[in-house]
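# Chains, contacts and geometry: an overview
Letter by letter, the chains look like this.
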Amino acid sequence: PFVIVPFIIVPFVIVPFIIVPFVIVPFVVLVIIPAVVLVVIPAVVLVVIPAVVLVVIPAVVLVVIPAVVLVVIPAVVLVVIPAGVLVVIPADVHVVIPAVV
């Protein structure tokens, strides 16, 4: 009995009654919460939001929209539609429809 008692007392007394209130709770209160308040929130406010405003939105306005206007739309107008008119429709008329009929 004298040997078994310390092994019972250590896990069931030290962990819940000593480590949790005196180690984990102060660590959360003194380290984690101030770190979130002092580091994470200002980092989001000072870095992430300005980065989105100054980099992402101008990139979309200056790069993506002009790329669509200058590249994608002309490509569709100059390549895809003529290809459809000059290649696909005649192929349908001269090859596919006669083959089916």
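Use the structure listed above.
The present account deals with the structure reproduced in this document. Owing to the predicted nature of the structure, the values given are computational and were not obtained by experimental measurement. (Residues numbered from 1 in each chain as written. Predicted model: local features only at pLDDT ≥ 70, side-chain atom pairs only at ≥ 80, totals over all residues. Heavy atoms only, no water.)

## Quick word on the overall build of the chain
The cut-off we apply is this: Runs of H or I in DSSP of at least four residues are treated as helices and runs of E of at least two as strands, each being numbered from the N terminus. For each residue, the accessible area found with a 1.4 Å probe, counting protein chains only, is set against the maximum for its type, and the residue is called buried under 20%, exposed over 50%, and partly exposed in between. Only the protein chains shown count as covering a residue, and every accessible area follows the Shrake-Rupley method with a 1.4 Å probe.
Helices and strands together make up the secondary structure of the chain, namely one helix and zero strands. The buried share among the 101 residues of the chain stands at 0%. Taken as a whole, the chain presents about 8,300 Å² of accessible surface, with 92% of it coming from carbon and sulfur.

## Some words on the environment of proline 50
We count it as follows: Pairs of residues are marked as contacts when any of their non-hydrogen atoms sit within 4.5 Å.
Checked against the element boundaries, proline 50 lands in helix 1 (residues 4-100). Among the residues examined, proline 50 registers a relative accessible area of 26% and is labelled partly exposed. Not counting residues up to four positions away in its chain, the partners in contact with proline 50 are Val44, Val45 and Val55.

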